[in-house]
Amino acid sequence: MAIDVSNITHSIQLAVAPVFFLTGVAGMIGAVAGRLARIIDRGRVLEDRMSASRDEEYIQRSMLELGFLRRRGRLANVCIGLLTLCGALIALTIILLFVGQTAKAEIDAQTWSVAAMVSFGCGVVSFVSALCCFMIETMMATRLLNFHPLRQAATVDARHSKL
């Protein structure tokens, strides 16, 4: 059994290309996990403050925010799940590319290549879906902000400048 070094070298080069995609996926998982940790921390702070508060209006606002944080947390979890699925599919693609390139029979190599294409395509779809979840979660994070004090300050500044 002779080993074709150039074929193995080409196989390794072909299989390494998706590794860069995996690096991006890992970075995204880290970013979303950080956001999820902040959501959880904010929820804990709200729960502690609510239990110490007697102000009914504050408790109602906090309950509203907790519900909102729960939705954001679920979306972040879905995003992490999609990114993890993407990573697994890209890793499978790497394996399929390597095996497909080193397969001896032409039919086997073609079958492995088709499987690699399907795996990579599903990985990309999973990644794009995760990016959509990330965008929605980010937009949700700013929706809860109360800009009313900023508007009041702008109105007061405008009145003072007229005087």
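Residues numbered from 1 in each chain as written. Predicted model: local features only at pLDDT ≥ 70, side-chain atom pairs only at ≥ 80, totals over all residues. Heavy atoms only, no water.

Focus on a nonpolar patch on the surface
A surface patch of nonpolar side chains, about 440 Å² in accessible area, is lined by I12, V16, V19, F20 and F98. By residue number, the principal contributor to the nonpolar patch is helix α1 (residues 5–52), which donates 4 residues. Mapped onto the elements of the fold, V19 is located in helix α1. (Patch = residues over 30% accessible without salt bridge, like charges linked within 9 Å, V, L, I, M, F, W, Y side chains within 5 Å. Areas by Shrake-Rupley, 256 points an atom, 1.4 Å probe, with all protein chains shown as cover. Salt bridge = Lys/Arg side-chain N within 4 Å of Asp/Glu carboxyl O. Helix = DSSP H or I, 4+ residues; strand = E, 2+ residues; numbered from the N terminus.)

Side note on the packing of aromatic side chains
Describing an aromatic ring pair means giving the distance of the ring centres and the angle of the ring planes. Inspection of the entire model under this criterion finds 2 aromatic pairs. Plain terms: the ring middles of F21 and F127 are 5.2 Å apart, the flat faces sit at 75° to each other, and that makes the pair edge-to-face. Placement of the pair is F21 in helix α1 and F127 in helix α3 (residues 106–143), with a sequence separation of 106 residues. Members of the aromatic cluster, connected to one another through ring pairs, are F21, F120 and F127. (Phe/Tyr/Trp six-rings, centres within 6.5 Å; stacked < 30°, edge-to-face > 60°.)

What about the confidence of the model for the protein?
In this model, the protein carries an average pLDDT of 85, and 79% of its residues clear a pLDDT of 70 or more. Helix α2 (residues 56–102) holds the highest mean pLDDT among the elements of the protein, 92, whereas helix α4 (residues 148–162) holds the lowest, 58. (pLDDT = per-residue confidence, 0-100.)

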